[in-house]
Amino acid sequence: PMIVALSVATAAGSSNKWPIRAPHADKVPASFDCEMRKAAYDYGRKLLPRLGSFESLYYALGLNGPGCTAPMRGADATSPFQPEPAPSGSIFVSPAGDDEGAGTEATPLRSIQLACDRAAASAARTVVLRGGTHFLSSTITLNASHSNLRVMAHPGEVPVVSGGVELKVAWRPHDVGRRNAANETTNIWVADVSGVDDIPGLQIDGVRATRARYPNLPGGIEVSPGYGGMVSEKDADWTPPDFNKFGPVHFYTDNASSHDRPNGGWFEHYMIGVGGLCSVYDPPVSYWCSRHPSGGGAFAFRTPSGVTPKSGALPHAPYKDPSGALFFVWRPARWANWMFEVGAYNASSGNFTFGKGGNQGARGENRGGDFFVENIYEELDAPGEFFFDTKAKRLYLFYNGTGPPPAAASVVAPSLRTLVNISASRWAPARGISHSGVTFRAARYTYMDPHGVPSAGDWALDRVGAVFLQGTEGVRFDACSFERVDGNAVMVSGYNRHAAITNSDFAFVGGNAVAAWGYTNETASDPGRPGERIENYPHAGVDGTDGNHPRYTTVSGCSAREVGLYEKQSSFFVQAKTAQSTVSGNVFFNGPRAGINANDGFGGGDEISHNLVFSTCRESGDHGPFNSWDRQPFLTTVRDGSASMTMAWREIHHNFFIDNYSPQEDVDNDDGSAYYKTHHNFLVYGGQGMKNDFGGHDNHHYSNVYAYVGRGLGVCSQRPGHEDRFYDNKLVLTGNDVGGFACDGAAKTVVHDNEYFTASGSIAECKMSLPDWQKRGEDKGSTVAKLPADKEIIGWARKLLGF
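The notes below deal with the structure included here. (Residues numbered from 1 in each chain as written. Predicted model: local features only at pLDDT ≥ 70, side-chain atom pairs only at ≥ 80, totals over all residues. Heavy atoms only, no water.)

**Quick look at the overall build of the protein chain**
Okay, step 1: A tally of helices and strands in the protein chain yields five helices and 65 strands.
Okay, step 2: What you see for the protein chain is a C-alpha radius of gyration of 26 Å, in line with the 28 Å of a compact globule of 803 residues.
Okay, step 3: Expressed as lengths along the three principal axes of its C-alpha atoms, the size of the protein chain is roughly 85 × 65 × 60 Å.
Okay, step 4: Burial statistics for the protein chain: of 803 residues in total, 62% are counted as buried. (Helix = DSSP H or I, 4+ residues; strand = E, 2+ residues; numbered from the N terminus. Rg over C-alpha atoms; globule rule 2.2 N^0.38 Å. Buried < 20%, exposed > 50% of the residue type's maximum accessible area, 1.4 Å probe, protein only.)

Here it is as structure tokens:
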């Protein structure tokens, strides 16, 4: 039988404490850590009762011991899809259907596209998908003419819409039974493959194989290696950036007085650079190529132009033919990973000159960080790996099992980037299209496709997804599954209103689970808007009042796990140039970077509530369950209906966030973030409870419970009238200081009525004891006591969140 490693937890961690990577982890009682995880399991099952015992959550929380054991509870999972009978006149589709048929239940069609087109012209406007795998030869394309179309699963059946090509293979032995340098007994088989030009990924009986790489991944691509599985950045010499590669950059700064956003010198003007080294993006524009980018670790974008691994760093080099190889390179500090093709290779010196790539993150560096190399025949040396020789059309598989791969095994190569594309225009949108009960699988990777920098956060995004929405209103995906899609699962692009992804599940996703990304007019053309006349660029780059962005997007009742398998700057939900999103009632865990990301302050008015989020930043540094930036001001009408550079308040409330991998915060309000109300949350671990920096302001934390954080808050100074506020919170601290904030001046941080708990029963504030500080009339109503019992802390959480 095939041996499949599908772990939901990283290899990092401790046998006594669940994986906690924060610096203060040694001060967290193991008893609390265990009781907290049990509570998280209860809260997750309350949020998503349809998942029954929620087995993946149970194991992700490490409740099977050692050191912490709890029973797996709950009934069997039930499908959230409870269909009504298909209306008369519905069009039926079956993988075994015939497009010459009538489309009835007895004589179904085979083509989903044909069925959608026929249904759009019928009174029923319903397509019913029978169970089985529907392999697509091309993307299902829906537009305004398909408005109010319903695509649903047949009751009691699970239709799978696949972007893959089913390969017909006859395996024969290639290298079997030999002990190789990796101390593995080889079991490599080969098959001649026709009909495909590339095999960018491989799924065998629905499970990914790993493209041949070094270093190897013992658990395969679907198991996070944590900080492992890499060649150290110290084991390579990096070729400096070529600053002349693309010519000069053209700067633009918006100095219109009506667009000023006064903020003490921080992020007051919209600014971009076009061209130069930002020509790797499409469109070739970025804040990080502007004249004066600022913020944490800020400097103009660049990437190394090559690498020379040191002797022994790639033990199977020199390579015979690395022309198809890819280098996956972490930016130093692990903020994002770049991917590069090999432009040239000098076998004598060992130097690789990078070709296409380096556009997968917004932040640059002169050198690379930790890295690995992929898609080289010589690296086919571990079970579960594959290599496709594009010249000879031969597929090699190091079978992860005994004997040959089963002849009956399904062998699928992801091929299509997008499975369903619903696109129209903001003037004539596609309305009311729904999908329910459908599983989407095997979209190919897109990390080498064009990427753009959506605003001034750290992200670059590829405007593509297994499901792509643009120019829609009221589109809904309910009770669907997105499994083993190699790029983004859902992309909500440009004009969309009330798009909803509900009661759906995301697992083993190559990029983001859901991304929402709007437009402003920054450049003469944009690949996301082919044929559309873009006016008043770059001056209109600041202007979001034309409405060409997502609003009222809803992600609710969903689970998402194991995202960012390829692109590490990935989240369960990310938004840029997007407003008034609702992210509520979800369970998110196991991702490489921040769990939920707001890339800018465009519009605001978002609500993030009643979510369980943990095990984020498993492979990277800083951030945690939530991260935001606001370096680039935009003009929108979201705040009060009139044009304003100030966003509406965002609310983060009634969440259970666990910052078990990041050394920072559960809610990381980074560079310039403003107008946040974070309240009634249970926030576990992290270096501090509240953060604001580089001009951030109007950040209010109140009525939260912080459990075993290092200190209460660390914020920057603000202007009068825009002070941060921190009050009515309970803080269980591993340190003995309230934190760093404005203790004096015209814009003092507002701190009062908090309950502090420390090991000593005392606490310092503004360089004096709490009693002495309060004698000055400060921090009124606050108290300090010794650490409470585990049961008391968990009781606070249960009361706060209602479970």
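That covers the picture; the talk isn't over yet.
**Some words on helix H3 (residues 112-120)**
Okay, step 1: Buried residues of H3: Ile 112, Ala 115, Cys 116, Ala 119 and Ala 120, and no others. With its buried residues spanning 130° around the axis, H3 presents them on a single face.
Okay, step 2: Its buried side turned inward, H3 meets strand S1 (91-93), strand S2 (126-129), strand S3 (132-135), strand S4 (140-142), strand S5 (150-153) and strand S6 (159-162).
Okay, step 3: Two to three positions downstream of the cap, the backbone nitrogen of Gln 113 sits 3.3 Å from a side-chain oxygen, assigning the N-cap of H3 to Ser 111. (Arc of directions from axis to C-beta. Contact = heavy atoms within 4.5 Å. Polar contact = N/O pair within 3.5 Å; in protein donor to acceptor, adjacent residues only side chain to side chain.)

**Considering the pattern of salt bridges**
Okay, step 1: Considering all chains together, one arrives at 42 salt bridges under this definition.
Okay, step 2: A salt bridge links Glu 619 to Lys 568; the nearest nitrogen and oxygen atoms lie 3.1 Å apart. A residue pair is termed long-range when its members are at least 10 positions apart, and Glu 619 in the loop between strand S47 (612-614) and strand S48 (626-628) and Lys 568 in the loop between strand S41 (559-561) and strand S42 (573-576) qualify at 51 residues.
Okay, step 3: By relative accessible area, which is 9% here, Lys 568 ends up buried.
Okay, step 4: Ionic pairing is found between Lys 730 and Glu 755, a salt bridge with its closest N-O pair at 3.4 Å. With Lys 730 in strand S59 (residues 730-733) and Glu 755 in strand S62 (residues 755-758), the pair connects residues that are 25 residues apart, well separated along the chain.
Okay, step 5: Overall, the relative accessible area of 23% leaves Lys 730 in the partly exposed class.
Okay, step 6: Relative accessible area serves as the criterion here: at 30%, Glu 755 is assigned to the partly exposed category.
Okay, step 7: A single network of salt bridges, built from pairs that share partners, joins Asp 42, Arg 45, Arg 73 and Arg 798. (Salt bridge = Lys/Arg side-chain N within 4 Å of Asp/Glu carboxyl O.)

**Looking at the state of the cysteines**
Okay, step 1: Under the definition given, this model contains three disulfides.
Okay, step 2: Here Cys 278 is linked by a disulfide to Cys 289, with a sulfur-sulfur distance of 2.0 Å. Measuring the twist about the S-S bond at about 90°, one finds the Cys 278-Cys 289 disulfide to be right-handed. Remark: Cys 289 occurs in the loop between strand S17 (285-286) and strand S18 (306-309) and Cys 278 occurs in the loop between strand S16 (271-275) and S17; sequence separation between them is 11 residues. Summarising the burial analysis for this pair, Cys 278 and Cys 289 share the class buried.
Okay, step 3: Between the sulfur of Cys 743 and that of Cys 766 lies a disulfide, 1.9 Å long from S to S. (Disulfide = S-S within 2.5 Å.)

**Quick look at the sheet that holds S16**
Neighbouring strands of a sheet are bound in pairs by backbone hydrogen bonds; such pairs are parallel or else antiparallel.
Okay, step 1: Pairing is antiparallel in the open sheet, where three strands are placed in the order S15-S16-S17. In this open sheet, the two edge strands, each paired with only one partner strand, are strand S15 (249-253) and S17.
Okay, step 2: The sheet contact formed by S16 and S17 spans two bridges and is antiparallel. Each bridged residue has a counterpart across the sheet, and for Gly 273 the counterpart in S17 is Ser 286. (Pairing = 2+ DSSP bridges.)

**Here we look at the layout of surface pockets**
Okay, step 1: As a volume, the largest pocket reaches approximately 790 Å³.
Okay, step 2: Arg 50, Leu 51, Ser 481, Glu 483 and Asp 505 are the residues nearest the centre of the largest pocket, which is lined by 33 residues in total.
Okay, step 3: Among the elements of the structure, helix H2 (55-60), strand S33 (481-483), strand S37 (505-507) and S41 are those that each provide at least two residues to the lining of the largest pocket.
Okay, step 4: In the lining of the largest pocket, the residues fall into 16 nonpolar, 10 polar and seven charged. (1 Å grid on protein atoms, 1.4 Å probe; cavity = no way out; pocket = protein on both sides within 12 Å on 5 of 7 lines; lining within 4 Å. Points joined across faces, edges and corners; volume = space filled by probe spheres on them. Nonpolar A, V, L, I, M, F, W, Y, C, P; charged D, E, K, R; others polar.)

**Focus: unusual backbone geometry**
Okay, step 1: For the bond running from Ala 317 to Pro 318, omega is 5°, close enough to zero to count as cis.
Okay, step 2: With respect to the element layout, Pro 318 can be found in the loop between S18 and strand S19 (326-330).
Okay, step 3: Along the chain, Tyr 537 connects to Pro 538 via a cis peptide bond; the corresponding omega equals -10°.
Okay, step 4: Looking at the secondary structure, you find Pro 538 in the loop between strand S38 (514-517) and strand S39 (550-551).
Okay, step 5: One non-glycine residue, Lys 767, lies in the positive phi region at around 65°.
Okay, step 6: With respect to the helices and strands, Lys 767 occurs in the loop between strand S63 (764-765) and strand S64 (768-769).

**Concerning the sheet that holds S4**
Okay, step 1: With parallel pairing, the nine strands of this open sheet are ordered in space as S4-S26-S30-S34-S38-S42-S45-S48-S51. Bordering the open sheet on either side are S4 and strand S51 (667-669), each of which pairs with just one other strand. On average, adjacent strands in this sheet sit at an angle of 10° to one another, irrespective of strand direction. (Axes fitted to C-alpha atoms, helices over the stretch in contact; angles between N-to-C directions.)

Scope: geometric values only; no functional claims are made or implied.
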